[in-house]
Each structure stands twice: as C-alpha cells, then as structure tokens.
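The chain contents come next:
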Amino acid sequence: MTLSLARVPATGVRRLTRTLYGYAFLDDFVLLYPVYALLFADTGMSLWQISSLFALWSITGVVLEVPSGAWADAVSRRRLLWIGPLLTAAGFALWVAVPSYGAFAVGFVLWGAGGALGSGALEALVYDELDRLGAADRYARTMGRARAARLLGTVASIGLAGPVFAQGGYAAVGAASFLACVLTAVTATRFPEHRLRADDAAGDTWATTLRTGLAEIRGDRSVRGALLLVPAVAAVWGALDEYTPLLVRDIGVAEATVPYLIMLIWAGVTLGSLLAGPAERLGTGGLAMLLAGAALALAAGAVSRSLAGIALVSLAFAGFQLAEVLADVRLQHRIDESRRATLTSVANLGTELATVATFGVYALLGTDLPHGTVFAVLALPYLMTALALARARAATARP
C-alpha cells in the first residue's frame, strides 16, 4: 500500500516530535538540580565560590558556544546532540565521587561543554526537519511543547529528589542524574537528519560557516534585532534560577521542603511553555507587556518572603519562559538554513555573557542584601527591555 503525501509528512513530524519530547524530558530529568547548590554549600563553599562555579559554567559556554554552533552547521547536528549528554554525565559522576571545589569546577566545565554542543544544534535540526516536511509553521508550538517536556522533566526530578535524597543522599541523586544523561544520549541517536551538510555540499569548514553567519548579522538589521532579543529575555531569569533554592530557604521552610516549592515554580513555567503556540500571535507590544508584567510579579514575589510570593515568582518565570520561546521563534524565522545553528549559537553566546554578568552582580549584591531584594533588583532589566520593545513598536507604527 502506498502512503499518501499528506500522511508521509505527518509520520515524519510525529517521529521528530516524539524523539524531541523524549530528549527534552530526559535532558532535564536531573535529580541534582534542586540540591546541587546545597551540595556546594554543605561542602563548605562560600557564596563567592558558588557564584564563581556558576560563572565558570557560563564562561565554558561562552568559549565553546559559537564554534560548536558553526561545527553543527558543518557536520552532523545529531552527532553533537548525543555527545553532549555524555560529557554532562561524566561531570555529575565527578561531583558526587570527589566533592570539592576542583571537582565541582571540572564538572561544570564538562557540563558547559555538553550544553554548548547541543545549543543551536537542536533548534536548527528541529526547524530544518519541520521545514523539509512542510511544517515550519509548527515550530513555535513544537518548541513550546519541547520546553514543557523539559520542564516536566525538571518538575519530576524535583519531586523525586526529596525522597531519593532522604534515602541515599547526594550519591543517590548523583547516580540517578548520571543515568538520565546516558538515556538522553541514546534518545538523541533517534533524531532524523536529512540535511545536506556543508562539508558534503561545498567543502565549507566551520570557520567559513562562522564568517558567513557573522556577515549576515552585520548586513541584516532584522536578524540583528531578533538575535539581541534572545539574551535580553533569557539571561537574567536563567541566572536567577540557580539561586531559587536559596531564595526559597530564606522564607524559613525546612530543607526537605525546598524541592517541593521549587517544583511549584517550575510547574508554572511548564504552563507558560505550553502557551507558546497561541502566544506566537503576540506582536511586539504584546511581548513588551508580557515582560513588564513578569518583571513586576518577580519583584513583588521575591520581596514578600512568603509562600504566596513563591507563587508570584512561579508566575514571573512562566512569563519569562514564554517570552524566551517567542524570541527564539522570531530569530529562526529570520535566518538562513545553512547558518541556522551558527546564528542561534551567537544568540546563545550573548545569553551566556549576560548570565556571567548576572552571576557577578548577584554575588556583589548578595553579600549585603537578602536574596529576595537581589531578585527584585534584577527584575529591572526586564522593565528596560519591555520599554525598548514598546519604543520599537511605536517607531515602526509611526508614518
């Protein structure tokens, strides 16, 4: 029996999305997430040392982000997607085997390298495969659901972290995290990849791909604006996420309760991801309002030092997550297939640089201020971004 042309793309989309959702879920099904900041503190690390570890993580991404994106455009994107989780697994194993500042630092380098290999490559592979199947218009909905699957993995890992930690301590949550990374790598081998790669087509190297990608940024104002929006939306709340266990503990709950309140935060973010498809219709003005509302919710929730405040932080993170998906969609619609991973990685590089700066600001402010106050101060960049978007919309509408 011959399959219809409509059914063949539908089958291909299902295979791609199922693999993507499984990959995304497992990639964040890491039981160490809600407790690794506590692991560092319990090992004797100061706030400055903890912040330096987070900064090292981001610096690794800064160094490797763009070269890995160009490499993904020049070779197999799928290959990079299964190598990355194996590097992360090695880092987690090191953390629980020999907990110390040096081991934590090496583990973050491995984790940063693993993340850089997949950053840009995943978005590029998914967009191009959907485009090949005539379904590029599903990208926002697909990536929103993928982020929801990723967040469900986070929520599930947070829910399990408490009882697993109670039974086996850091060694048990570390072993579970290692296994999840290995399963992520196995799932990545199932991704379809039909792209004619640059090395097959024209002998281009990653350096050539990088040069042409940077030329596109310089020559196209719309690409440049969409690229800058990604770090403006993603960086600060991505850094604040690392400090949420400390924020939650500051309201006076027991440490065993911390993972459950973190789960509440990420449950809200999951809901925000699922709204990405319908929210794609938001214009520039709507995105500005979304960011402003999320910033106000973050500030109010963080300074309240209450359970209701944690719910507001969850709402704010949901808004930021939704805005991050929409910023990525804007970028993907504006860039060329042959440079998709490269330019996505350039945007992610901007995110990493801004994240490193946020870690430094947090360490400076957190020395003398409570965590809730620092969170509120770091809501200000989102109000500034919302104002810039509103001005851009007004300038576009002006005759």
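Nothing here was measured: the structure is a model prediction, and the numbers come from that model.

A. Structural view of the overall build of the chain. Across its full length, the chain carries 18 helices and 0 strands. The long-range share in the chain, meaning contacts at least 24 apart out of those at least 6 apart in sequence, stands at 84%. For the chain, the accessible area works out to roughly 16,300 Å², and carbon and sulfur atoms hold 65% of it.

B. Representation of the nonpolar core within the structure. Core analysis: the biggest nonpolar cluster contains 115 residues, and Phe40 and Phe317 have the highest contact counts within it. Every residue in contact with Phe40, bar those within four places of it in the chain, is listed here: Met45, Ile50, Leu53, Phe54, Trp95, Phe104 and Phe108.

C. Quick look at the pattern of salt bridges. One pass over the full model with this rule turns up 5 salt bridges. Across the salt bridge formed by Glu129 and Arg132, the nearest N and O atoms sit 3.4 Å from each other. Taken together, the residues Glu129 and Arg132, both in helix 6 (residues 121-132) and 3 residues apart, mark about one turn of the helix. Owing to a relative accessible area of 4%, Glu129 belongs among the buried residues under this scheme. Residue classification places Arg132 among the partly exposed positions, given a relative accessible area of 45%. Through salt bridges that share partners, Asp27, Asp28 and Arg150 make up one connected network.

D. Quick peek at helix 5 (residues 101-118). For helix 5, which comprises 18 residues, the first-to-last C-alpha distance of 26 Å matches the rise-based estimate of 26 Å (1.5 Å per residue) to within 8%. Along helix 5, the residues that are buried comprise Ala103, Phe104, Ala105, Gly107, Phe108, Trp111, Gly112, Ala113, Gly114, Ala116, Leu117 and Gly118. Contacts made by the buried residues of helix 5 are with helix 2 (36-42), helix 3 (47-74), helix 4 (77-97) and helix 6. Count one or two residues on from helix 5 and you reach Gly120, which has phi positive near 90°.

E. Region of interest: unusual backbone geometry. Backbone geometry places Arg305, a non-glycine residue, at a positive phi of 50°. Topologically, Arg305 is positioned in the loop between helix 14 (284-304) and helix 15 (307-334).

F. Spatial organisation of the packing of aromatic side chains. Within this structure, the stated rule accounts for 30 aromatic pairs. Measuring from centroid to centroid gives 5.7 Å for Phe40 and Phe108, while their planes differ by 65°, and the two rings are edge-to-face. Taken as a pair, Phe40 in helix 2 and Phe108 in helix 5 lie far apart in primary sequence, 68 residues in all. The same class applies to Phe40 as to Phe108, namely buried. Here the aromatic rings of Trp95 and Trp111 are separated by 5.9 Å at their centres, their planes lie at 70°, and the arrangement is edge-to-face.

Conventions adopted
- Here the residue index of a chain counts from 1 through its sequence in written order.
- The predicted origin of the model limits local features to residues at a pLDDT of at least 70 and limits the giving and counting of side-chain atom pairs to 80 or more, whereas totals for whole chains, interfaces and linings rest on all residues.
- In computing side-chain values, all of the structure's heavy atoms are included and hydrogens and water are not.
- We count a stretch as a helix when DSSP gives it H or I for four or more residues in a row; a strand needs E for two or more, and each element gets its number in order from the N terminus.
- By definition in these notes, contact holds between two residues if any of their heavy atoms fall within 4.5 Å.
- Throughout, the Shrake-Rupley method with a 1.4 Å probe supplies accessible areas, and for residues the shown protein chains are the sole cover considered.
- Buried Ala, Val, Leu, Ile, Met, Phe, Trp, Tyr and Cys residues form a nonpolar core when they are joined through side-chain atoms within 4.5 Å.
- For the exposure calls, accessible area comes from a 1.4 Å probe over protein chains only, and a residue counts as buried if that area is under 20% of its type's maximum, exposed if over 50%, partly exposed in between.
- Put simply, a salt bridge is a Lys or Arg side-chain nitrogen that is within 4 Å of an Asp or Glu carboxyl oxygen.
- Expected helix span is taken as 1.5 Å per residue step, with the number of steps being one fewer than the number of residues.
- To pair, rings of Phe, Tyr and Trp, with the six-membered ring standing in for Trp, must have centres within 6.5 Å; the planes then decide the type, stacked if under 30 degrees apart, edge-to-face if over 60, and tilted in the middle.

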